[in-house]
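Spelled out from the first residue to the last, the chains are:
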Amino acid sequence: MSAMQKALEASEKLIGTEVGVSNWITVDQAMIDQFAETTQDTQWIHVDPERAAAESPFGGTIAHGFLTLSLASRFAYDCFSMLPGQVMGVNYGMNKLRFLKPVRAGARLRGRFTLQAVRPRGTEKMMRENLLTIEIEGEETPALIAEWLGLAVFED
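So, here is what we can say about the structure in this document. (Residues numbered from 1 in each chain as written. Predicted model: local features only at pLDDT ≥ 70, side-chain atom pairs only at ≥ 80, totals over all residues. Heavy atoms only, no water.)

A separate point is the overall build of the chain. The secondary structure content of the chain amounts to six helices and six strands. Counting only C-alpha atoms and orienting by the principal axes, one finds that the chain spans roughly 60 × 30 × 25 Å. Within the chain, buried positions represent 40% of all 156 residues. For the chain, the proportion of contacts with a sequence separation of at least 24, taken over those separated by at least 6, is 71%. Within the structure as shown, the chain displays about 8,800 Å² of accessible surface, and the carbon and sulfur contribution to it stands at 49%. Taking the average place of the 15 positive charges on the side chains of the chain and the average place of its 20 negative ones, the gap between the two points comes to 6 Å. (Helix = DSSP H or I, 4+ residues; strand = E, 2+ residues; numbered from the N terminus. Buried < 20%, exposed > 50% of the residue type's maximum accessible area, 1.4 Å probe, protein only. Contact = heavy atoms within 4.5 Å. Areas by Shrake-Rupley, 256 points an atom, 1.4 Å probe, with all protein chains shown as cover. Lys, Arg positive; Asp, Glu negative; His and termini not counted. Charge placed at Lys NZ, Arg CZ, Asp CG, Glu CD.)

Written as structure tokens, this is what we have:
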């Protein structure tokens, strides 16, 4: 049995279970500012703490939704390692993505992963679909939920 077939068989047993919870990370104003500069999205609700405190409904600056989403890779690194025989993992995209709650500057976030599906992609690849929930510490509503697809590539 190939490494991919063994991984597929083992993964099928985990469908519907939580397969990882990441460490917390703080999204501070410096991170928000760096993301704004990189993406050239310098809207005042992200980068002007005084104006955001005075004029926004959030009481201060908030992280870009895509900044929150971009932390998914960091959370995955906290939760997953390569499977036996796997040579790389490839981000394959999202099926569904919803931003549910703004992330205020200074908030702490973590990712929770629940395996939803696995399927072979030829003889050397396995597609994994995880429900990713990015939680905000102390909040009931998560920052976002997404169905994230990842391709595990194995040696032949």
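Another point: a nonpolar patch on the surface. A cluster of nonpolar side chains, namely M82, V87, M88 and V90, defines an oily patch on the protein surface of about 330 Å² accessible area. Looking at M88, the relative accessible area reads 42%, which means it is partly exposed. (Patch = residues over 30% accessible without salt bridge, like charges linked within 9 Å, V, L, I, M, F, W, Y side chains within 5 Å. Salt bridge = Lys/Arg side-chain N within 4 Å of Asp/Glu carboxyl O.)

For the rest of this paragraph, the subject is the packing of aromatic side chains. The tally for this structure, following the rule as stated, stands at three aromatic pairs. Here the aromatic rings of F80 and F113 are separated by 5.0 Å at their centres, their planes lie at 75 degrees, and the arrangement is edge-to-face. In this pair, F80 is assigned in the loop between α6 (72-79) and β3 (86-99) and F113 in strand β4 (residues 107-121), connecting sequence segments 33 residues apart. Judged by centre distance (6.2 Å) and plane angle (35 degrees), the ring pair of F113 and W148 falls under tilted. With F113 in strand β4 and W148 in strand β6 (residues 144-154), this pair connects stretches of sequence that are 35 residues apart. Here F113 falls in the buried class, since its relative accessible area comes to 1%. Exposure remark for W148: the relative accessible area of 12% places this residue in the buried category. (Phe/Tyr/Trp six-rings, centres within 6.5 Å; stacked < 30°, edge-to-face > 60°.)

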